[in-house]
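Read off the chains here:
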Amino acid sequence: MFFFVAMIVKVAVAVVGGLIGWAYTRIKPPPPRICGSRGGPPITSPRVRLDDGRHLAYREWGVSKDEAKHKIIVSHGFDSSKDLTLPLSQAVDYGVRKLWEKNNVGELIEELQIYILSFDRAGYGESDPHPKRTVKSEAFDIQELADKLHIGPKFYVMGLSMGAYATWSCLKYIPHRLSGASLIVPFVNYWWPCLPADMAKKCFELLLAQDRWSFRVAHYAPWLFHWWMNQKIFPSLSMLAGKLDIFSESDLEFIKNQPPNPDDNQEKRCQQGVYECLYRDIMAGYGKWEFDPLDISNPWPDNNGAAHIWQGYEDRVIPYKISRFLSEKLPFVRYHEVPGKGHFLAFDSGLCEEIFRTLVAG
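In this convention, every chain numbers its residues from 1, walking through the sequence in written order. Confidence filtering applies because this is a predicted model: local features only for residues at pLDDT of at least 70, side-chain atom pairs given and counted only at 80 or more, and all residues used for totals across whole chains, interfaces and linings. Heavy atoms from the whole structure form the basis of all side-chain values; hydrogens and water molecules are not counted.

Visitor: Even after reading the chapter, I still don't get the overall build of the protein, so can you show me in this structure?
Guide: The helix count covers DSSP runs of H or I at least four residues long, the strand count covers runs of E at least two residues long, and both are numbered beginning at the N terminus. Helix and strand counts for the protein stand at 11 helices and eight strands. The burial tally for the protein puts 53% of its 362 residues in the buried class. Carbon and sulfur atoms form 57% of the exposed surface of the protein, whose accessible area is close to 17400 Å². Each residue is assigned to one of three classes by its accessible area relative to the maximum for its type, calculated with a 1.4 Å probe on protein chains only: buried under 20%, partly exposed between the two thresholds, exposed over 50%. The Shrake-Rupley method, run with a 1.4 Å probe, gives the accessible areas here. Residue values count only the displayed protein chains as cover.

Next comes the structure, spelled out in structure tokens:
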């Protein structure tokens, strides 16, 4: 009898152990494919080495930083990279060519003497992953990138969509470095304490059910997020599944008019693994922030700068009511609500130029 019970216990332990092992392999994310490592993608872009040993890949365009009157650092959005193409007077990315080849510089960039620095945020493109990535760490990545490239003591920051949480972070942690800021269809965390509960609830319910569940998992159980995004029982994030229901009519028109492969470089954005770029991005953004947006003090008490929020009224990804609310509460923010435009308003050439002009005008 004792022998029989002992066997049952051993079998039960083995089964439970096997189930735990199986669950662990499902929950545990795969190791990243680090650029430049054995078996990893090649390094093809200029990079800087940060003090913690990580590398950030970057792209410079516009006039020479030594000649520029205005220096702007751009934080790309979700599932994007430093190689995003903005319709800025047909501005050219010079790559290894000299930035001061003025005959090729876009008209607006030449007129305003703008130098633009875009970079792959941690884990995207050719920038190393950051296992301890948070909203706060984004600001110090930007500051260190600027210092490594000797941009100078002051610069502007611009964040698009998900990349706007890096801009909020800069406003909080490095305000003394900022000449101005632009938050374009800026990311919203529905768990910000500053949001009125009824507003947060109503805006959150405008999202697709599968997106709401994905963001809940990222917020409440980030350790489970990799499994959630790869399981087949429930639908996960709509955008990554190719579902376009979340987009407005103007956004769908923009998507329809895009060429099949608008930018080959953009294909490298997730080459180190979707967990390191997309999943960590969502977990950082929808996790518990180190601060609340309404905790941010005015970086320009002498009125020598401003933050601008640009919001499409038809945007279904980012609800205009929350952007409008934050703008009303923060005296240093100037709000620009654009009728008839959705989430991709920055890719309208006229609006894009207006965004840049407004930023450098203060």
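Visitor: Help me understand the pattern of salt bridges in this model?
Guide: Charged atoms that come close allow side chains of opposite charge to pair. Put simply, a salt bridge is a Lys or Arg side-chain nitrogen that is within 4 Å of an Asp or Glu carboxyl oxygen. Tallied over the entire structure, the rule returns 21 salt bridges. Note that Asp 281 is salt-bridged to Arg 121, the shortest N-O span being 2.7 Å. Here Arg 121 lies in the loop between strand 4 (114-119) and helix 3 (135-148) and Asp 281 lies in helix 9 (residues 274-286), a separation of 160 residues in the sequence. With respect to class, Asp 281 is no different from Arg 121; both count as buried. What you see here is one network of salt bridges that share partners, running through Arg 121, Arg 133, Glu 138 and Asp 281.

Visitor: Explain the sheet that holds strand 1 (residues 47-49) to me, please; I cannot follow it from the model alone.
Guide: Two modes of strand pairing occur in sheets, parallel and antiparallel, and in both the strands are linked by backbone hydrogen bonds. Here, a strand pair is defined by DSSP locating no fewer than two bridges between the strands. Pairing within the open sheet is mixed, and its eight strands lie in the order 1-2-4-3-5-6-7-8. Each of the sheet's edge strands pairs with one partner strand only, and the pair in question is strand 1 and strand 8 (333-338). Looking at each pair of strands side by side, their axes are set apart by 25° on average, direction ignored. Note: strand 3 (residues 70-75) against strand 4, six bridges, orientation parallel. Note on strand 4: the bridge partner recorded for Ser 75 is Phe 119. Residue contacts are defined here by distance: any two heavy atoms, one from each residue, within 4.5 Å place the two residues in contact. Simply put, an axis is a line fit to the C-alpha atoms, just over the touching stretch for a helix, and the angle between two N-to-C directions goes from 0 to 180 degrees. Across the sheet, helix 4 (residues 164-173) is in contact with strand 3, strand 5 (155-160), strand 6 (178-184) and strand 7 (307-312); its angle to strand 6 comes to roughly 150°.

Visitor: Would you take a moment to explain the packing of aromatic side chains for this structure?
Guide: The relation between two aromatic rings is expressed through the spacing of the ring centres and the mutual angle of the planes. The rule is short: rings of Phe, Tyr and Trp, with Trp giving its six-membered ring, pair when the centres are within 6.5 Å, and they are stacked under 30 degrees, edge-to-face over 60, tilted in between. The full count for this structure, using the stated rule, is 24 aromatic pairs. Seen in terms of ring centroids, Trp 300 and Phe 332 are 6.2 Å apart; in terms of plane orientation they differ by 65°. Their pairing is edge-to-face. Taken together, the residues span a long stretch of sequence, with Trp 300 in the loop between helix 9 and strand 7 and Phe 332 in the loop between helix 10 (320-329) and strand 8 at a distance of 32 residues. Each member of the pair, Trp 300 together with Phe 332, is buried. A cation over an aromatic ring shows up here: Arg 121 above the ring of Tyr 165, its NZ or CZ 5.5 Å from the ring centre. Arg 216 extends its terminal NZ or CZ atom over the ring of Trp 213, reaching a point 4.7 Å from the ring centre. In this scheme, the term charge over a ring applies when either NZ of a lysine or CZ of an arginine sits within 6 Å of the ring centre and within 35 degrees of the ring normal.

Visitor: Please clarify how helix 6 (residues 209-220) should be interpreted in this entry.
Guide: Quick reminder: α-helices carry 3.6 residues per turn. Residues three or four places apart thus point the same way. End to end, helix 6 covers 16 Å across 12 residues, agreeing with the expected 16 Å (1.5 Å per residue, within 8%). Against helix 5 (197-204), helix 7 (225-230) and helix 9 lie the buried residues of helix 6. Expected helix span is given by 1.5 Å per residue-to-residue step, counting one fewer step than there are residues.

Visitor: Whenever I open this one, the confidence of the model for the protein confuses me. Can you help?
Guide: For any part of a model where pLDDT is low, the fine detail of the predicted coordinates should not be relied upon. Every residue gets a pLDDT, meaning the predictor's confidence in that residue, from 0 to 100. Across the protein, pLDDT averages 89, with 86% of residues at or above 70. Segment residues 9-24 is flagged for pLDDT under 50; beyond a separation of four residues in sequence, or across chains, it makes zero contacts in the model. Segment residues 90-105: pLDDT under 50, and 33 contacts once partners within four positions in sequence are set aside and those in other chains are kept.

Visitor: Looking at this structure, I do not really get the pairing of strand 5. What am I missing?
Guide: For strand 5, the tally of buried residues reaches six of six residues, placing the bulk of the element in the interior. Bridge analysis of strand 3 against strand 5 gives four bridges, and the strand direction is parallel. Opposite Val 74, over in strand 5, you have Met 158 as the bridge partner. Pairing analysis gives six bridges linking strand 5 to strand 6, with the strands arranged parallel. Note that in strand 6 the partner of Met 158 across the bridge is Ser 182. Seen with the strands pointing away from the viewer, any crossover whose path from the first strand over the helix to the second strand runs clockwise is right-handed. Tracing the backbone out of strand 5, into helix 4 and back to the parallel element strand 6 gives a crossover that is right-handed.

Visitor: In this structure, what is going on with the nonpolar core? I would like to understand it.
Guide: Looking at soluble globular proteins, one finds that nonpolar side chains tend to be buried together. Residues Trp 168, Leu 171 and Phe 356 are the most contacted members of the largest nonpolar core, which totals 101 residues. Not counting residues up to four positions away in its chain, the partners in contact with Phe 356 are Ile 72, Leu 86, Leu 88, Leu 108, Ile 114, Ile 116 and Met 158. Within this scheme, the nonpolar core is defined by two criteria: the residues are buried Ala, Val, Leu, Ile, Met, Phe, Trp, Tyr or Cys, and they are joined through side-chain atoms within 4.5 Å.

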